[in-house]
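Tertiary structure, described
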Amino acid sequence: MKKIIISLVSAIVLSGCGVGSYSLSSGKSDIAEISFTASDKEPIVIVVDGTEYNAETVKAKGYKSGRNIKKTALNTINIEPGQHDVKVLVSGNEVYNKKLFLSATEHRVIEL
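The sections below set out a description of the structure shown in this document. Here, residues in each chain are numbered from 1, in the same order as that chain's written sequence. With the structure being a predicted model, the display of local features is reserved for residues of pLDDT at least 70 and the display and counting of side-chain atom pairs for 80 or more, all residues being used for whole-chain, interface and lining totals. Side-chain figures throughout are based on the complete set of non-hydrogen atoms in the structure, without hydrogens or water.

Some words on the overall build of the protein
In plain terms, the rule: Put simply, DSSP H or I for four residues or longer makes a helix, DSSP E for two residues or longer makes a strand, and each gets a number counted from the N terminus. Under the convention used here, a 1.4 Å probe and the Shrake-Rupley method define accessible areas, while residue burial counts only the protein chains that appear.
Looking only at helices and strands, the protein has one helix and eight strands in total. Along the protein, helices and strands appear, N-terminal first, in the series α-β-β-β-β-β-β-β-β. About 8400 Å² of surface is accessible on the protein, with carbon and sulfur atoms providing 53% of the total.

Written out as C-alpha cells, the structure reads:
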C-alpha cells in the first residue's frame, strides 16, 4: 500500500512541474515602402514631409502591369507608416504631389 501511495504522490508531483514559461513573438516589420516607375530610368528627388531622398525610377513595362517591382536601395525608400506629404521632382520640376496614407508593411508603387 505504501508503494502505491508513494507512486501516486510522485506521479502527481512530477507531472505538475513545469520547466518554465516561454514567450514567442513574431510579426512583420513596422515600416512602409514606396517605389517609383516611369517610362524610362531616370534620377528623381523625393520629398517626404520635408525630408529629401535621392532615387531612380524603374522602367515600367505596360504589358506587365501586375508584375512585382524589384525593390533596391536605388528605387525604394523606407518610411514609417502613417500619413505623409509626398512630392517627386524630376530635373527640378514637380511631377507628383500627393498626401498618402501607408500602413505597416505596405509597398506602394507610384507611376510617374
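After that view of the structure, there is still more to cover.
Some thoughts on the environment of R108
In plain terms, the rule: Contacts are assigned to residue pairs with any non-hydrogen atoms lying within 4.5 Å of each other. For this analysis, a polar contact is any N or O atom pair within 3.5 Å, provided that within protein one partner can donate a hydrogen and the other can accept it, and provided that sequence-adjacent residues contribute only side-chain to side-chain pairs.
The topology assignment puts R108 in strand β8 (residues 107–111). Considering only alpha carbons, one finds R108 and E33, 75 residues apart in sequence, at a separation of 6.3 Å. Beyond its immediate sequence surroundings of up to four residues, R108 is in contact with E33, I34, S35, L100, F101 and L102. A polar contact of 3.1 Å, which involves the side chain of R108, links it to the backbone oxygen of F101. Among the polar contacts made by the side chain of R108, one reaches the side chain of E106 at a distance of 3.0 Å.

Some remarks on the nonpolar core
Our working definition: Take the buried residues of types Ala, Val, Leu, Ile, Met, Phe, Trp, Tyr and Cys, join any two whose side-chain atoms come within 4.5 Å, and each joined set is a nonpolar core. Three labels apply to residues, based on accessible area from a 1.4 Å probe with only protein chains included: buried if under 20% of the type maximum, exposed if over 50%, partly exposed otherwise in between.
With 16 residues, the main nonpolar core has I34, F36, I44, I46, I79 and V86 as its most contacted residues. Secondary structure elements with two or more residues in this core: β1 (32–38), β2 (43–48), β5 (76–79), β6 (82–90) and β7 (93–102). In contact with V86, other than residues within four places in its own chain, are I34, I46, V47, V48, Y96, N97, K98 and L100.

Re the environment of D85
By the element assignment, D85 lies in strand β6. For D85, a relative accessible area of 35% gives the class partly exposed. C-alpha separation for the pair D85 and K99, spaced 14 residues apart in sequence, amounts to 4.4 Å. Those residues within four positions of D85 in sequence are excluded, and the remaining contacts are V47, V48, D49, K98 and K99.

Section: the pattern of salt bridges
Basically, it comes down to this: Salt bridges, as used here, are contacts in which a Lys or Arg side-chain nitrogen is within 4 Å of a carboxyl oxygen on Asp or Glu.
Counting across every chain of the model gives three salt bridges. Residue K41 is joined to E56 by a salt bridge in which the shortest nitrogen-to-oxygen separation is 3.5 Å. In this pair, K41 sits in the loop between β1 and β2 while E56 sits in strand β3 (residues 51–56), placing the two residues 15 residues apart along the sequence. Taking the relative accessible area as the measure of exposure, K41 reaches 60% and is therefore exposed. Here K99 makes a salt bridge to D85, at a shortest N to O gap of 3.7 Å.

What about the sheet that holds β3?
Each strand in a sheet pairs with its neighbour through backbone hydrogen bonds, running either in the same direction (parallel) or in the opposite one (antiparallel). Operational definition: At least two bridges found by DSSP between two strands are what make those strands a pair. Helix axes are fitted to C-alpha atoms over the stretch in contact, other axes to C-alpha atoms as well, and angles between N-to-C directions run from 0 to 180 degrees.
Here four strands make up an open sheet; going across it, the order is β3-β2-β6-β7 and the pairing antiparallel. The outermost strands of the open sheet, each flanked by one partner alone, are β3 and β7. If you compare each strand with its neighbour and ignore which way they point, the axes differ by 25 degrees on average. Note: β2 against β6, four bridges, orientation antiparallel. What sits directly across from V47, in β6, is K87.

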